[in-house]
Amino acid sequence: MPRALLLATLLASVLLITACASTVASPNDTSSYTPGDEIERGIASWYGPGYAGNLTASGEVFDPNAITAAHKTLPFGTRVTVVHLGNGREVTVRINDRGPFVRGRVIDLSRAAAKQIGMIDDGLAEVKLLLAE
């Protein structure tokens, strides 16, 4: 990818994130939470093969087989436990990307993370996010 295109894409991503972040009620600072505290509830979705190899907002290459997730505001590197409220299954993910940018959704899981909590077929799940240790 030409350097100018990469820089333009990154700048557009930053502007989109900045515009969306001001309307999001979820936390962007986890210092007031202790492990196990509930951070947020809402709908989770997942993203996978179509994004494999693309750069995430944190600069990492996206791997749908890694246990990672996208969140609108949580700091990169934050670990959260995602609990599927429909079946009780949970997975602990590391935030390395921004999103989802669909109203009502609170987290986008990698395919591997979504598989662990049993939401691949449905595509969406009602979840709660807990700060992990």
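So, here's what we can say about the structure. (Residues numbered from 1 in each chain as written. Predicted model: local features only at pLDDT ≥ 70, side-chain atom pairs only at ≥ 80, totals over all residues. Heavy atoms only, no water.)

## A word on the pattern of salt bridges
Tallied over the entire structure, the rule returns 2 salt bridges. Put simply, Glu38 and Arg41 hold a salt bridge, and the shortest N to O gap is 2.7 Å. Taking the relative accessible area as the measure of exposure, Arg41 reaches 48% and is therefore partly exposed. Between Arg94 and Glu60 there is a salt bridge; the shortest N-O distance is 2.7 Å. Here Glu60 lies in the loop between β1 (38-47) and β2 (68-70) and Arg94 lies in strand β4 (residues 90-97), a separation of 34 residues in the sequence. We classify Glu60 as partly exposed; its relative accessible area is 28%. (Salt bridge = Lys/Arg side-chain N within 4 Å of Asp/Glu carboxyl O. Buried < 20%, exposed > 50% of the residue type's maximum accessible area, 1.4 Å probe, protein only. Helix = DSSP H or I, 4+ residues; strand = E, 2+ residues; numbered from the N terminus.)

## Some details on the environment of Gly88
Mapped onto the elements, Gly88 comes out in the loop between β3 (79-84) and β4. Overall, Gly88 belongs to the partly exposed group, its relative accessible area being 49%. Along the sequence, Gly88 and Gly118 sit 30 residues apart, while their C-alpha atoms lie 9.8 Å from each other.

## Re the pairing of β3
With 5 of 6 residues buried, β3 is to be regarded as a mostly interior element. Of the strand pairs in this sheet, β3 and β4 are connected by 5 bridges, and their pairing is antiparallel. Looking across to β4, one finds that Thr81 is bridged to Thr92. The hairpin turn running from β3 into β4, its antiparallel successor, is 5 residues long, and Gly88 in that turn takes a positive phi close to 80°. Bridging between β3 and strand β6 (residues 124-131) involves 5 bridges; their strand directions are antiparallel. Its bridge partner being in β6, Val83 is matched across the sheet by Lys128. (Pairing = 2+ DSSP bridges.)

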